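Observations on the model geometry
The lines below spell out each chain.
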Amino acid sequence: MTKFVALLGYPLGHSLSLSFQQAAFDYYHLDIRYQVWETEPAQLEAAVNQLRHPTSLGANVTIPHKERVLPLLDELDKLAIQIGAANVIVNRDGRLLGYNTDAPAFIKALREDGGFEPSNKRVVMLGAGGVARAAGFALVKERVNSLAIINRTFERAEELALSLKGKAGDIKIIALPWSETELGEALSNCDLLVNCTSVGMKHSSMEGQSPLEARFIPKDALVYDLVYNPIETPLLREAKIAGACTLGGLAMLVYQGAASFELWTQMKAPVDIMFMAAKQALKG
Ligand code: NAP
């Protein structure tokens, strides 16, 4: 009997997850289809309930449902509860379990692909949306020295800083408005700059734009852009001009997907195959 995994989000254009998850299922000759279910918020509950069907292995969850899906699930793992968001659902005999694989994937890519050890480092994070929540939580868990959150809508930066402070102990967490002065000061003293905004994302209104110019980027910092399409984002180009080291978002995307694959199938994810398929899809 053919099984399926769904991707729940809205809107969903061309999905990279479809390319690399299907490649992983096909690599093991598994009779599983990865299906893209464009799901408006009002349809979310009905879509989630369809995941209880015996042919369903579960789902990936993306913008804008990662937070609002939580009350629709039967059980949540500790990380999903702590972060307040789930990006993976697993169907176990009609019971739906929620997981967060974004946060560990963010750190795995930072360590293994960026060669960066986050503990005791000074971090500046641009953005305060869904992925910033997972990244901020992961950085606090890794005991960074300080975290400055800068967001276009200042109130969201404040709200995220406040929610992380409860878990931060003596880590300095501050929210800053998006202004040249604040950016310049925070960035001049940072070891890691993480872009959690969608600025620069292909097929968006901000395609081709960088959230920062090279003059703001310290040459000794690592610049980690979570945007994965294009592979070399406008921010990464500016970082290279500044002489900084760079890391794109594709590794994190593939690692969160590999962890999802392992939760659905209990098999080791063919990470190299998934990377190849993702890169191929990006070229296409
Ligand atoms: P989200 O919840 O919609 O948050 C979007 C963030 O971008 C907000 O902080 C928003 O600021 C900011 N923003 C949007 N337009 C902006 C502009 N013109 N100038 C400055 N800031 C702007 O989205 P998300 O889920 O956090 O995703 C953010 C990005 O990360 C997306 O490009 C997504 O593809 C990428 N992502 C990558 C991975 C990965 O595995 N690599 C995983 C998840 C997400 P306001 O609060 O002011 O609106």
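These remarks concern the structure in this document. (Residues numbered from 1 in each chain as written. Predicted model: local features only at pLDDT ≥ 70, side-chain atom pairs only at ≥ 80, totals over all residues. Heavy atoms only, no water.)

A separate point is the pairing of strand β9 (residues 172–177). Strand direction decides the pairing type here: strand β8 (residues 146–151) and β9, joined by six bridges, are parallel. Looking at β9, one finds that Asn151 is bridged to Pro177. Once the chain exits β8 it traverses helix α6 (residues 154–168) before rejoining the sheet at β9, and the crossover so formed is right-handed. (Pairing = 2+ DSSP bridges. Helix = DSSP H or I, 4+ residues; strand = E, 2+ residues; numbered from the N terminus. Right-handed = clockwise from strand over helix to strand, strands pointing away.)

Generally speaking, nonpolar side chains in soluble globular proteins are found buried as a group. Phe106, Met125, Ile149 and Tyr224 are the most contacted members of the largest nonpolar core, which totals 70 residues. With 10 residues, the single largest contributor to this core is helix α9 (residues 250–265). Apart from the residues within four sequence positions on either side, Met125 is in contact with Ala132, Ala135, Gly136, Leu139, Leu147, Ala148, Ile149, Ile150, Leu160, Val194 and Cys196. (Core = buried A, V, L, I, M, F, W, Y, C linked by side-chain atoms within 4.5 Å. Buried < 20%, exposed > 50% of the residue type's maximum accessible area, 1.4 Å probe, protein only. Contact = heavy atoms within 4.5 Å.)

Attention now goes to the environment of Glu117. Tracing the backbone through its elements, the reader meets Glu117 in the loop between α4 (102–112) and β7 (122–126). Along the chain, Glu117 and Leu164 lie 47 residues apart, while their C-alpha atoms are 20 Å from each other. At a separation of 2.8 Å, a polar atom in the side chain of Glu117 contacts the side chain of Arg111. (Polar contact = N/O pair within 3.5 Å; in protein donor to acceptor, adjacent residues only side chain to side chain.)

A few words now on unusual backbone geometry. With an omega of -5 degrees, the peptide bond running from Tyr10 to Pro11 counts as cis. Mapped onto the fold, Pro11 is located in the loop between β1 (3–9) and α1 (16–27). Look at the link from Ile63 to Pro64: it is a cis peptide, with omega at 0 degrees. Topologically, Pro64 is positioned in the loop between β3 (56–61) and β4 (75–76). Although it is not a glycine, Arg143 sits at a positive phi angle of roughly 60 degrees. Note that Arg143 resides in the loop between α5 (130–141) and β8. Positive phi, normally seen in glycine, also occurs at His203, with a value near 65 degrees. A residue is classified by how much of its surface remains accessible, and His203, at 69% relative accessible area, is exposed.

Attention now goes to the sheet that holds strand β10 (residues 192–195). Strand-to-strand pairing in sheets goes through backbone hydrogen bonds, with the strands running parallel or antiparallel. Overall, parallel pairing links the six strands, which are arranged β9-β8-β7-β10-β11-β12 in an open sheet. In this open sheet, the two strands that pair with only one neighbour each are β9 and β12 (245–247). In this sheet, adjacent strand axes meet at a mean angle of 20 degrees when their direction is disregarded. Two strands pair when backbone bridges link them, and strand β11 (residues 222–225) and β12 are joined in this way by three bridges, in the parallel orientation. By the bridge assignment, Leu222 is partnered in β12 with Cys245. (Axes fitted to C-alpha atoms, helices over the stretch in contact; angles between N-to-C directions.)

Let us look at the packing of aromatic side chains. Where two aromatic rings form a pair, the distance of their centres and the angle of their planes describe that pair. Using the criterion set out here, one finds eight aromatic pairs in the structure. Relative to Phe261, the ring of Tyr28 has its centre 6.1 Å away and its plane inclined at 25 degrees; by these criteria the two rings are stacked. Placement of Tyr28 in the loop between α1 and β2 (32–38) and of Phe261 in helix α9 is noted, with a sequence separation of 233 residues between them. According to the relative accessible area criterion, Tyr28 is partly exposed, its value standing at 30%. Residues Tyr255 and Phe275 carry aromatic rings whose centres are separated by 5.8 Å and whose planes lie at 85 degrees to one another, so their mutual orientation is edge-to-face. Highlighted residues: Tyr255 in helix α9 and Phe275 in helix α10 (residues 271–283), separated in sequence by 20 residues. (Phe/Tyr/Trp six-rings, centres within 6.5 Å; stacked < 30°, edge-to-face > 60°.)

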